[in-house]
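# Topology and contacts: notes
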Amino acid sequence: MATLDSIDRKLLSELQSEGRVTNVDLARRVGLTAPPCLRRVRALEEEGVIRGYHADLDASKLGFAITVFAMVSLRSQAEEDLRAFENHIKTLPEVRECHMLNGEIDFILKIVSKDLQSFQEFLTSKLTPAPNVASVKTSLTIRTAKHEPGVPLE
């Protein structure tokens, strides 16, 4: 875990809420001048605390009308089989998140699709027949009450 002082936390909070802020504005917001602000941000990037900068896209405006969560159980939980499943999932662009779980379900996936027909095709042709998949249970998202990427910093 990285050791962060209060200025680092302020920098991260500002960048997490507005990744496109200029260095000059960022420095002003956290009470620094531009050069030390840039040095701190670069250090946080080099340490891997900041992994990247991303645009928050509206899936529905891009034609992805549905989001589905799929709970996947595998036949085998041997490390080789877990890695093989994870590697397969990495090739599927519809799968936006994949988390290995503790308990009855091995993985939960967040999947986006243009419509139910497209999702059914994805499910039956790419996910269910994947090697080592024993079962897939899905839940269609009705609405999203909260979407807040990142972590709480304050």
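About the cut-offs
- Residues numbered from 1 in each chain as written.
- Predicted model: local features only at pLDDT ≥ 70, side-chain atom pairs only at ≥ 80, totals over all residues.
- Heavy atoms only, no water.
- Phe/Tyr/Trp six-rings, centres within 6.5 Å; stacked < 30°, edge-to-face > 60°.
- Helix = DSSP H or I, 4+ residues; strand = E, 2+ residues; numbered from the N terminus.
- Buried < 20%, exposed > 50% of the residue type's maximum accessible area, 1.4 Å probe, protein only.
- Core = buried A, V, L, I, M, F, W, Y, C linked by side-chain atoms within 4.5 Å.
- Contact = heavy atoms within 4.5 Å.
- Polar contact = N/O pair within 3.5 Å; in protein donor to acceptor, adjacent residues only side chain to side chain.
- Axes fitted to C-alpha atoms, helices over the stretch in contact; angles between N-to-C directions.
- Parallel < 35°, antiparallel > 145°, perpendicular 65-115°, else oblique.
- Left-handed = near helix turned anticlockwise from the far one by under 90°.
- Nonpolar A, V, L, I, M, F, W, Y, C, P; charged D, E, K, R; others polar.
- Pairing = 2+ DSSP bridges.

## Some details on the packing of aromatic side chains
Counted according to the given criterion, the structure contains 2 aromatic pairs. Centroid distance Phe 85 to Phe 107: 4.8 Å. Interplanar angle 40°. Geometry classified as tilted. Of this pair, Phe 85 sits in helix H4 (residues 79-90) while Phe 107 sits in strand S3 (residues 107-113), and the two are 22 residues apart along the sequence. Each member of the pair Phe 85 and Phe 107 is classed as buried.

## Quick look at unusual backbone geometry
One non-glycine residue, Asn 132, adopts positive backbone phi at about 75°. Assignment of secondary structure puts Asn 132 in the loop between helix H5 (116-127) and strand S4 (133-140). On the basis of relative accessibility, which here comes to 15%, the residue Asn 132 falls in the buried class.

## As for the nonpolar core
Core analysis: the biggest nonpolar cluster contains 19 residues, and Val 72, Phe 85, Leu 109, Ile 111 and Leu 127 have the highest contact counts within it. Of all the secondary structure elements, the ones that give two or more residues to this core are strand S1 (66-74), H4, S3 and H5. Looking at which element gives the most residues to this core, the answer is S1, with 5 residues. Setting aside residues up to four positions removed in sequence, Leu 109 forms contacts with Val 68, Phe 69, Ala 70, Val 72, Phe 85, Ile 89, Val 95, Glu 97, Cys 98 and Leu 127.

## As for the environment of Lys 126
Tracing the chain through its elements places Lys 126 in helix H5. Separated by 41 residues in sequence, Lys 126 and Phe 85 have C-alpha atoms that sit 12 Å apart. Contact partners of Lys 126, with chain neighbours within four places excluded, come to His 88, Leu 92, Glu 94 and Glu 121. Side-chain polar atoms of Lys 126 contact the side chain of Glu 94, separated by 3.3 Å.

## Let's talk about the packing of helix H1 (residues 6-17) against helix H2 (residues 23-30)
Two numbers describe how H1 lies on H2: the axes approach to 10 Å, and their chain directions differ by 130°. It follows from the interaxial angle that H1 and H2 lie oblique. Between H1 and H2 lies a crossing whose hand is right-handed. Packed against H1, whose contacting residues are Lys 10, Leu 11, Glu 14 and Leu 15, the element H2 presents Leu 26, Arg 29 and Val 30 at the interface. Class assignment of the residues belonging to the contact of H1 with H2 gives a composition of 4 nonpolar, no polar and 3 charged.

## Re the packing of H2 against helix H3 (residues 34-46)
Remark: H2 packs on H3, axes separated minimally by 9 Å, with the N-to-C direction vectors making an angle of 95°. The angle between H2 and H3 places the two elements in the roughly perpendicular class. Two secondary-structure elements touch here, H2 through Asn 23, Val 24, Leu 26 and Ala 27 and H3 through Ala 34, Cys 37, Leu 38 and Val 41. A per-class count over the contact of H2 with H3 returns 7 nonpolar, 1 polar and no charged.

## Topic: the pairing of S1
Within S1, 7 of the 9 residues are buried, leaving the element largely enclosed by the surrounding structure. Strand direction decides the pairing type here: S1 and S3, joined by 7 bridges, are antiparallel. Across the sheet, the residue bridging to Ile 66 is Ser 113, located in S3. Pairing analysis gives 7 bridges linking S1 to S4, with the strands arranged antiparallel. Paired with Val 72 across the bridge in S4 is Val 136.

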